[in-house]
Amino acid sequence: MSASPKNEIWIVFKRLMAYIVPMKAMFIMAVLGLITYGAVDAAFIAFIKPFIDEGFSQTPAIAAGVDLPTHGGFNANKDIMLMAPIAVIVMFSIRGVANFVSTYCVSFMSAQLIMDMRQQVFEHYLRLPVSYIDRENSGNLISRVTYDTEQIARASGSALISIVRDSMTAIGMLGIMFYYSWKLSLCILVIGPIMGVVISIVSKRFRKVSKQIQSAMGGVTATTEQMIKGHKNVLVFGGQKTEVARFYKVNDQNRYQNMKLAVAQSISQPLIMVIGSFALAFVLYAATWESMRTDLTAGTFAAILGAMLAMLQPIKNLTRVNAEFQRGIAACTTVFELLDTEPEPDTGEFSIDRVQGKLTFENVTFTYPGQEKSALNSIDFEVKPGKTIALVGRSGSGKSTIASLITRFYSGLSTGDIRLDDTSIYDYQLKSLRNQVALVSQQVTLFNDTIANNIAYAYPGEVTREQIVHAAELAYAMEFIDTLPLGLDTQVGENGVLLSGGQRQRLAIARAMLRDAPVLILDEATSALDTESEKAIQKGLDNLRHNRTSIVIAHRLSTIESADEILVIDQGRVVERGNHSELIAQAGIYANLYQMQFSQ
C-alpha cells in the first residue's frame with residue numbers, strides 16, 4: 001500500500017472496485033438507477049419554469065378583458081395545467097422504480113462484497129505464519145473479520161448510493177441554473193472551490209479518526225474475549241470489578257474516538273450549509289438588479305431558486321456520507337495491509353504419502369523473530385523410525401521450540417538443518433510435511449461439535465464409524481463415551497467445556513490415533529492431569545506411540561522412563577543425553593529432577 005495520502009484513496013478504491021468486477025451487471029444497473037433518480041429530481045425542477053411562465057401567464061387580450069376563441073392562449077394554459085399532475089405522477093413513478101432497482105443492486109453488491117472479503121481474510125489467517133499470530137492482538141484479528149469489513153460495506157453501499165445519486169442531482173441542478181441564467185449561476189464557481197477545500201480537510205480528519213476507532217474497537221473485542229475465556233477465574237478470584245474497570249476503559253476510549261468523528265461530522269455539515277447560503281443569498285440579491293430583472297421571468301427565477309435549494313440537500317448528504325466513506329477507506333487500508341502480509345513460506349517441492357520416520361536435528365540454532373537471544377543453540381540428535389526420544393528441562397529451556405520447528409511453525413534457522421528421512425523439512429511441501437505429523441499437547445483444542453466429529457476432525461477422505469470407534473478404544477476414550485446419553489454424538493461445547501481435562505485429552509489421543517501419522521509429538525500431554533487420569537491416558541499414549549517416531553516433551557519424568565533416549569535441555573542446549581538408567585547413573589540434572597519428583 002502506498003503511504004502517500006494523495007494516492008492512498010485512489011489506490012484503495014481501485015483495489016476495492018476489483019471486488020465489484022464480477023458483479024458488473026449489478027453495478028451498471030445500480031448506477032443507471034441512481035442516475036435516473038437524480039435526473040428525475042433535476043427534471044422536476046426544470047419543469048417549474050414552463051409550468052409557471054405558461055401555466056399561470058395570460059395573453060395581452062385576456063388581460064384587457066377581450067374574449068378570444070378557446071383554441072388560443074387560454075387553451076394552451078389549460079393544457080399545461082392539466083398535463084402537470086400527469087407529468088408529476090409519471091416522473092415520481094420512474095423515480096420510485098429507479099430507487100428500488102438501485103437500492104436492491106447496491107445492497108446485493110455490499111452483501112456479496114462483505115462475504116467475499118471476510119472469506120478472504122479468514123482464509124488468509126490460515127496461511128499466515130505462527131509468528132504473526134503470536135505478535136497480534138487476538139481482538140484486532142477478530143475485528144478485521146467483523147467490524148472492519150462492516151465499515152467497508154458501508155463505503156461500498158450507502159456511500160455509493162449517495163455519491164452517484166446526489167452527485168447526479170447536484171450536477172443536474174447546476175446545469176439547469178446555468179441553462180436558465182448563467183449570470184446568476186456564476187456565484188457557484190466562487191463557492192465551489194471553498195466547499196472543496198473544507199471537504200478535503202474534513203476527509204483527512206475522518207480517515208485519521210476512523211483508524212483510531214478501529215484500534216479502539218479491537219481493544220473492546222480483545223477485552224471481551226479475554227473475560228469470556230477466563231470467566232471461571234474471574235468469578236473465583238472475585239475479579240468482576242477489575243474486569244468492569246478494564247472494559248470501561250476500552251469502551252470509553254471507543255466512545256471518545258466516535259465522538260471525535262461525530263464532532264468533525266457535525267461541524268462540517270453546517271459549515272457547508274453556511275457556505276452554500278452565501279451563494280443563495282447572492283442569487284436573491286442579484287435578482288434585485290435592474291440588469292438582471294429584465295432577463296428574468298417569474299418561472300426562470302423560481303427554477304433557479306428551486307435548483308439552488310434542491311442542491312443544498314445533496315451537498316449535505318455528500319458531506320455526511322463522506323464520514324462513512326472515509327471510515328470505509330480506513331478499514332480497507334487496514335484489511336488490505338493484512339491481506340498483503342506474506343503467508344508462511346512454502347517453497348518446498350518434495351511430497352510423499354508416508355515417511356519412514358527418521359528425524360534428525362543437525363547443529364540447529366534458532367532465534368525467534370524480534371529476539372536477540374537464541375532459543376536453541378547447536379541442537380544435535382537423531383531419532384530412528386519407530387523410536388521415542390524424550391525432552392526434559394525447566395520451563396523456557398527450548399523443548400516446545402524443538403517441537404514447533406519440526407512442523408515448520410517457525411522458519412529461518414540461524415544454522416543447521418532438520419531432516420526427515422534424510423530430506424530437509426524445508427524441501428517438503430508444507431501440506432505433505434504436516435501430514436506426516438500428529439500432535440497431542442497439554443492444551444487440547446476441541447470444537448463445538450459432536451465427539452465423533454472432533455475425533456475425525458480434518459481427516460483426509462471418508463471416515464467410517466468403525467474407524468472412529470476403533471481410535472477411541474485405543475485411546476481408552478470409549479470408557480467414558482459409552483456412559484454419555486448420546487455416546488459419540490454428544491456435543492462437547494466450545495473447546496470441550498462440557499468434558500473433564502482427562503476426557504478431552506483422550507479425545508486428542510483418539511484424533512491423533514485416527515490420523516495415523518508416522519511422526520508423533522507429545523507436548524506435556526499429561527502434565528495437568530491427576531495420577532489416576534494420567535495412568536489411563538498413558539495406556540492410550542503407549543498405543544499411540546507404537547511403531548511411530550515419537551518426540552515426547554515431559555514434565556513428569558515417570559512417563560518417559562521407557563524412552564529410547566532422553567535429552568536434558570537447559571537454556572537452549574543439550575546438557576545431558578542417554579536413557580533413563582544412564583542418566584540416573586550420571587547423577588546430574590536429570591537425576592536431581594527425578595529424585596525431587598520421586599520424593600514428592
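Source: prediction; values computed, not measured.

Cut-offs used in this document
Residues numbered from 1 in each chain as written. Predicted model: local features only at pLDDT ≥ 70, side-chain atom pairs only at ≥ 80, totals over all residues. Heavy atoms only, no water. Helix = DSSP H or I, 4+ residues; strand = E, 2+ residues; numbered from the N terminus. Buried < 20%, exposed > 50% of the residue type's maximum accessible area, 1.4 Å probe, protein only. Areas by Shrake-Rupley, 256 points an atom, 1.4 Å probe, with all protein chains shown as cover. Pairing = 2+ DSSP bridges. Axes fitted to C-alpha atoms, helices over the stretch in contact; angles between N-to-C directions. Arc of directions from axis to C-beta. Contact = heavy atoms within 4.5 Å. Salt bridge = Lys/Arg side-chain N within 4 Å of Asp/Glu carboxyl O. Lys, Arg positive; Asp, Glu negative; His and termini not counted. Polar contact = N/O pair within 3.5 Å; in protein donor to acceptor, adjacent residues only side chain to side chain. Core = buried A, V, L, I, M, F, W, Y, C linked by side-chain atoms within 4.5 Å. UniProt positions renumbered as here; feature names shortened; annotations may be inferred. Left-handed = near helix turned anticlockwise from the far one by under 90°. Nonpolar A, V, L, I, M, F, W, Y, C, P; charged D, E, K, R; others polar. Phe/Tyr/Trp six-rings, centres within 6.5 Å; stacked < 30°, edge-to-face > 60°. Lys NZ or Arg CZ within 6 Å of the ring centre and 35° of its normal. Patch = residues over 30% accessible without salt bridge, like charges linked within 9 Å, V, L, I, M, F, W, Y side chains within 5 Å.

Enquirer: Explain the overall build of the protein to me, please; I cannot follow it from the model alone.
Expert: Scanning the protein from N- to C-terminus turns up 23 helices and ten strands. Looking at the protein residue by residue over its 600 residues, the buried ones come to 45%. As displayed, the protein has an accessible area near 31000 Å², and 59% of this comes from carbon and sulfur atoms.

Enquirer: Before we go on, may I ask you to explain the sheet that holds strand 10 (residues 573–578) in this structure?
Expert: Two pairing modes exist for strands in a sheet, parallel and antiparallel, and in both the strands are linked by backbone hydrogen bonds. Strand order in the open sheet made by the six strands is 6-7-8-3-9-10, with mixed pairing throughout. Each end of this open sheet is capped by a strand with a single partner; those strands are strand 6 (437–441) and strand 10. Each neighbouring strand pair of the sheet contributes to a mean axis angle of 20 degrees, computed without reference to strand direction. The pairing of strand 3 (residues 388–392) with strand 9 (residues 565–570) spans four bridges and is parallel. Opposite Ala 390, over in strand 9, you have Ile 566 as the bridge partner.

Enquirer: Explanation requested: helix 18 (residues 465–474) in the structure shown.
Expert: Residues lying three or four places apart along an α-helix face the same way, a consequence of the helix completing one turn every 3.6 residues. Three or more residues of helix 18 are buried, namely Ile 468, Ala 471 and Ala 472. For helix 18, the buried positions fall inside an angular range of 100 degrees around the axis, keeping them on one side. Packing partners of the buried residues in helix 18 comprise helix 17 (451–455), helix 19 (478–481) and helix 20 (501–515). Phi turns positive, to about 55 degrees, at Tyr 476, one or two residues after helix 18.

Enquirer: I tried to follow the pattern of salt bridges on my own but got confused; where do I start?
Expert: Applying the stated rule across the entire model yields 16 salt bridges. Across the pair Arg 15 and Asp 340 runs a salt bridge whose closest N-O atoms are separated by 2.9 Å. Here Arg 15, found in helix 1 (residues 5–17), pairs with Asp 340, found in the loop between helix 14 (298–339) and strand 1 (359–366); they are 325 residues apart in sequence, far enough to count as distant. Using a relative accessible area of 37% as the deciding quantity, one classes Asp 340 as partly exposed. Linked through salt bridges whose partners overlap, the residues forming this network are Arg 354, Asp 516 and Arg 548.

Enquirer: Explain the pairing of strand 4 (residues 415–420) to me, please; I cannot follow it from the model alone.
Expert: Within a regular beta strand, the side chains point alternately toward one face of the sheet and then the other, so they alternate between its two faces. The pairing of strand 1 with strand 4 spans five bridges and is antiparallel. Considered in strand 4, the bridge of Thr 360 is made with Arg 419. As judged from the two bridges shared by strand 4 and strand 5 (residues 423–424), these two strands associate in the antiparallel manner. Each residue of the ladder has a partner; that of Arg 419, found in strand 5, is Ser 424.

Enquirer: Just checking my understanding: could you explain the sheet that holds strand 1 for this structure?
Expert: Across the sheet, four strands lie side by side as 2-1-4-5; this open sheet has antiparallel pairing. Either end of the sheet is taken by a strand with one partner, and the two such strands are strand 2 (376–383) and strand 5. Of the strands in this sheet, strand 1, strand 2 and strand 4 are in contact with helix 15 (residues 399–406), which crosses strand 1 at around 115 degrees.

Enquirer: What exactly am I supposed to notice about the side chain of Arg 408 here?
Expert: Residue placement: Arg 408 occurs in the loop between helix 15 and strand 4. No salt bridge is formed by the buried Arg 408; the nearest opposite charge belongs to Asp 346, separated by 4.1 Å. A polar atom in the side chain of Arg 408 sits 2.8 Å from the backbone oxygen of Ile 425. In contact with Arg 408, not counting residues within four places along its chain, are Glu 344, Pro 345, Asp 346, Thr 347, Ile 425, Tyr 426, Tyr 428, Leu 430, Leu 433 and Arg 434.

Enquirer: Just checking my understanding: could you explain the nonpolar core for this structure?
Expert: Burial of nonpolar side chains together is a common tendency in soluble globular proteins. Residues Val 440, Ile 455, Ile 481, Leu 507, Leu 544, Ile 560 and Tyr 590 are the most contacted members of the largest nonpolar core, which totals 45 residues. Per-element accounting of this core gives the leading share, seven residues, to helix 20. In this structure, Tyr 19, Val 106, Val 121 and Leu 338 belong to the second largest nonpolar core, which totals 33 residues.

Enquirer: Where do I start with the UniProt feature "transmembrane region" (unreviewed entry) in the protein in this structure?
Expert: With numbering aligned to this structure, UniProt lists the feature "transmembrane region" (unreviewed entry) at residues 25–48, 82–109, 186–203, 270–288 and 294–312. What you have in residues 25–48 is 96% helix and 0% strand, and the ends, taken at the C-alpha atoms, are 35 Å apart.

Enquirer: Sorry if this is basic, but what is going on with the packing of helix 2 (residues 24–46) against helix 8 (residues 158–180) here?
Expert: When two helices pack together, you describe them by how their axes are tilted relative to each other and by the distance separating the axes. Following both chains from N to C, one finds helix 2 and helix 8 inclined at 35 degrees, their axes separated by 8 Å at the closest point. Classified by chirality, the crossing of helix 8 by helix 2 is right-handed. In this structure, helix 2 uses Phe 27, Val 31, Leu 34, Ile 35, Tyr 37, Gly 38, Ala 39, Asp 41, Ala 42, Ile 45 and Ala 46 to contact helix 8, whose residues at the interface are Leu 160, Ile 161, Val 164, Arg 165, Met 168, Thr 169, Gly 172, Met 173, Ile 176 and Tyr 180. Of the residues contributing to the contact of helix 2 with helix 8, the split by class is 16 nonpolar, three polar and two charged.

Enquirer: How should I be thinking about the packing of aromatic side chains in this particular structure?
Expert: To describe a pair of aromatic rings, you give the distance between the ring centres and the angle between the ring planes. Summed over all chains, the structure comprises ten aromatic pairs. With a centroid separation of 4.6 Å and an interplanar angle of 15 degrees, the aromatic rings of Phe 361 and Phe 381 are classed as stacked. Residue Phe 361 is found in strand 1, and its partner Phe 381 is found in strand 2; the two are separated by 20 residues along the sequence. The pair formed by Phe 361 and Phe 381 is uniform in burial state, with each residue classed as buried. Their ring planes at 25 degrees and their centres at 4.5 Å tell us that Phe 447 and Tyr 457 sit as a pair that is stacked. With Phe 447 in the loop between strand 6 and helix 17 and Tyr 457 in the loop between helix 17 and helix 18, this pair connects stretches of sequence that are ten residues apart. Assessed through its relative accessible area of 34%, Phe 447 is described here as partly exposed. Taken together, the aromatic side chains of Phe 366, Tyr 368 and Tyr 410 make up a single cluster linked through ring pairs. For Arg 15, the ring lying beneath its charged end belongs to Phe 336, and the centroid distance is 4.3 Å.

Enquirer: Quick question: what am I supposed to make of a nonpolar patch on the surface here?
Expert: A surface patch of nonpolar side chains, amounting to about 260 Å² of accessible area, comprises Ile 86, Val 90 and Ile 94. By the secondary structure assignment, Ile 86 is in helix 5 (residues 73–125).

Enquirer: Would you mind going over the side chain of Lys 260 with me for this structure?
Expert: Following the sequence through the fold, Lys 260 ends up in helix 12 (residues 240–286). Sequence-distant contacts of Lys 260, defined by excluding residues within four places in its chain, comprise Arg 205, Val 209 and Gln 212.

Enquirer: When you look at the environment of Ile 425 in this model, what are you seeing that I'm missing?
Expert: For Ile 425, the position within the fold is in the loop between strand 5 and helix 16 (430–435). According to the relative accessible area criterion, Ile 425 is buried, its value standing at 1%. Remark: the alpha-carbon pair of Ile 425 and Phe 350, spanning 75 residues in sequence, is separated by 9.0 Å. Ignoring sequence-local partners within four residues, the contact set of Ile 425 consists of Leu 405, Ile 406, Arg 408, Ile 418, Arg 419, Leu 420 and Leu 433.

Enquirer: Teacher, can you tell me more about the environment of Arg 246 here?
Expert: When you line up the elements, Arg 246 lands in helix 12. The exposure class of Arg 246 is partly exposed, given its relative accessible area of 36%. As a C-alpha pair, Arg 246 and Val 220 span 26 residues in sequence and 9.6 Å in three-dimensional space. At a separation of 3.0 Å, a polar atom in the side chain of Arg 246 contacts the side chain of Glu 243.

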